[in-house]
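Each chain, written out:
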Amino acid sequence: AASSAASAAAASRLAHPHPCSIGLVGAIGDSLTTAVNMDCDGAGCAGMAEWFELAWAVGSSARDDSCDASCGWLWWQEGCANNGVCNEPAQTTGKCEAGTDCSDCGGCSRAARTLPNLLGEACASGAVLGASTGGGGARGLNVAQSGARAKEALTQAVGLVAKAESLLGGAAYATTWKLVTMLLGGNDLCNVCSDGGDVSADEYAAKMRPAFETLAAVPRLVVNVPLHADYTQLAGVDWGFFGNLYCDVLLALVCPCMGNWASDLAVARQRVGEYNGKLVELVAEFNGDAHASTRGQGTTFIVQPFAQHTVFSATHLVSDDCFHPSAAGQELLARGLWNNLLQPAGEKASSVEEGEALLCPTADAALS
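Conventions adopted
- Residues numbered from 1 in each chain as written.
- Predicted model: local features only at pLDDT ≥ 70, side-chain atom pairs only at ≥ 80, totals over all residues.
- Heavy atoms only, no water.
- Patch = residues over 30% accessible without salt bridge, like charges linked within 9 Å, V, L, I, M, F, W, Y side chains within 5 Å.
- Areas by Shrake-Rupley, 256 points an atom, 1.4 Å probe, with all protein chains shown as cover.
- Salt bridge = Lys/Arg side-chain N within 4 Å of Asp/Glu carboxyl O.
- Helix = DSSP H or I, 4+ residues; strand = E, 2+ residues; numbered from the N terminus.
- Disulfide = S-S within 2.5 Å.
- Buried < 20%, exposed > 50% of the residue type's maximum accessible area, 1.4 Å probe, protein only.
- Core = buried A, V, L, I, M, F, W, Y, C linked by side-chain atoms within 4.5 Å.
- Contact = heavy atoms within 4.5 Å.
- Axes fitted to C-alpha atoms, helices over the stretch in contact; angles between N-to-C directions.
- Parallel < 35°, antiparallel > 145°, perpendicular 65-115°, else oblique.
- Left-handed = near helix turned anticlockwise from the far one by under 90°.
- Nonpolar A, V, L, I, M, F, W, Y, C, P; charged D, E, K, R; others polar.

### Notes on a nonpolar patch on the surface
Inference 1: A contiguous nonpolar patch, built from Phe241, Phe242 and Leu245 and spanning about 400 Å² of accessible area, is present on the exposed surface.
Inference 2: Residue placement: Leu245 occurs in helix 8 (residues 241-254).

Laid out in structure tokens, this is it:
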């Protein structure tokens, strides 16, 4: 009986590893996961800079919370060096109000709240393989591409698997626990009012399916599948009179369905729910018996619903480009994903708030 119990425990651990068993991280996605314009300022947002090292799902750098001047009430007094690198020239961000990265004008260089950094902190494991430390060759296993749509999920999945094999090599590829976060479809949702059947929920599922098939074959892989947030709430962010005029025009250009037309927003809101339903179905299918013979040993997909009902419409959570998450928004995404990871199936929160406590893994914690 003892032997049977031990075997059952071992099987459970293989199917649901402890968070601190993770040895490699990666990400598939779009501009949310490349952290586009996370820390841009007014006209500087046009450059569409990517901040891989601070991205919620796979960044691993520190952020500089220090301010080179006290946060005054006049915008030109607000100089904050908050780009994740200490002692660099200050930027005027205009974001010293409460709740932002400059609010405390505190000490330099704390670890950004990202999934790899939280893993390292909770598990005292230091750097995690695959985490991003910058752009270019330093982006690690963040294969996300700004502007990507669901049809590119397969290409990203194939690229990520190849990079993981190359990074780990040989036997380590089969024995190392890997954690990948896959969130694609936001750019499809931006066009559901105008692109017809090409962005239907069925088409979305058909485009995502090959990526699921590719990842399912990888051994010892846990795939986070976050549900989409209600992006239509961005149309309701109150930027003030002139800011609202600017953002209404900009949103209509970069994400047509968020252009503040009630009929478009209603279609987009409905399609968000439909896309999420398809993701839930795909996860259930690829965890099921139909794929048991082709699924890698221990590999599982997990729906992470934290963003589904989260409010992202506070100005400090949104970049000055009116669309992408700010530094605070990126950290909110990471907080929600981390807590969902540690919450068992059936008990996962569908929303997260900034002040919400971060969960800590217990000795018997398991990713499920």
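### A closer look at the state of the cysteines
Each disulfide consists of one covalent bond between the sulfur atoms belonging to two cysteines.
Inference 1: Tallying each qualifying case throughout the model produces four disulfides.
Inference 2: Note that Cys190 is cross-linked by a disulfide to Cys255, the S-S spacing being 1.9 Å. Taking the torsion about the S-S bond as the criterion, the Cys190 to Cys255 disulfide, at about -95 degrees, is left-handed. Highlighted residues: Cys190 in the loop between helix 6 (186-189) and helix 7 (201-216) and Cys255 in the loop between helix 8 and helix 9 (262-287), separated in sequence by 65 residues. The pair Cys190 / Cys255 is uniform in exposure class, with both members buried.
Inference 3: Covalently, Cys247 is tied to Cys322 through a disulfide, its sulfur atoms 2.0 Å apart. Taking the torsion about the sulfur-sulfur bond, which here is approximately -65 degrees, the covalent link between Cys247 and Cys322 counts as left-handed. With Cys247 in helix 8 and Cys322 in the loop between strand 8 (300-304) and helix 10 (327-342), the pair connects residues that are 75 residues apart, well separated along the chain.
Inference 4: Take Cys322: its relative accessible area is 1%, and that puts it in the buried class.
Inference 5: Here Cys360 is not disulfide-linked; the sulfur of Cys123 is the nearest cysteine sulfur, at 9.9 Å.

### Section: the nonpolar core
Side chains of nonpolar character tend, in soluble globular proteins, to be buried together.
Inference 1: Ile28, Met208, Phe212, Leu215 and Phe301 are the most contacted members of the largest nonpolar core, which totals 85 residues.
Inference 2: Setting aside residues up to four positions removed in sequence, Leu215 forms contacts with Ile28, Ala157, Val161, Met182, Leu221, Val223, Thr299 and Phe301.
Inference 3: Of all hydrophobic cores here, the second largest spans seven residues; its members include Met38, Ala55, Ala112 and Ala327.

### Examining the packing of helix 7 against helix 9
Inference 1: Axis separation between helix 7 and helix 9 bottoms out at 10 Å; the angle between their running directions is 30 degrees. Here helix 9 runs roughly parallel to helix 7, going by the angle between their axes. Viewed along their axes, helix 7 and helix 9 form a crossing whose handedness is right-handed. Here Ala201, Asp202, Tyr204, Ala205, Met208, Arg209, Phe212, Glu213 and Ala216 of helix 7 lie close against helix 9, whose contacting residues are Arg271, Glu274, Tyr275, Lys278, Leu279, Leu282, Val283, Glu285 and Phe286.
Inference 2: Its residues placed into classes, the contact of helix 7 with helix 9 shows eleven nonpolar, no polar and seven charged.

### Thoughts on the packing of helix 3 (residues 115-123) against helix 10
Inference 1: Helix 10 packs onto helix 3 with a crossing angle of 50 degrees between their chain directions and a minimal axis gap of 9 Å. Taken together, the axis directions place helix 3 and helix 10 in an arrangement best described as oblique. Both helix 3 and helix 10 take part in a crossing whose hand is right-handed. For the pair helix 3 and helix 10, contact is made by Leu115, Leu118, Leu119 and Ala122 and by Ala334, Leu337, Trp338 and Leu341, respectively.
Inference 2: Here the contact of helix 3 with helix 10 is composed, by residue class, of eight nonpolar, no polar and no charged.

### Focus: the pattern of salt bridges
Inference 1: Enumeration according to the criterion identifies eight salt bridges in this entry.
Inference 2: For Arg149, the salt bridge is made with Asp188, and the minimal N-O distance between the two is 3.7 Å. Highlighted residues: Arg149 in the loop between helix 3 and helix 4 (153-168) and Asp188 in helix 6, separated in sequence by 39 residues. Here the two residues Arg149 and Asp188 agree in accessibility, since each one is buried.
Inference 3: Note that Glu281 is salt-bridged to Lys278, the shortest N-O span being 3.7 Å. With Glu281 and Lys278 both in helix 9, this residue pair falls three residues apart, about one helical turn.
Inference 4: Take Lys278: its relative accessible area is 18%, and that puts it in the buried class.

### Quick word on the side chain of Asn187
Inference 1: Within the element layout of this structure, Asn187 appears in helix 6.
Inference 2: Not counting chain neighbours up to four residues away, the residues in contact with Asn187 comprise Asp30, Gly147, Ala148 and Arg149.

By themselves, these figures tell us nothing about what the structure is for.
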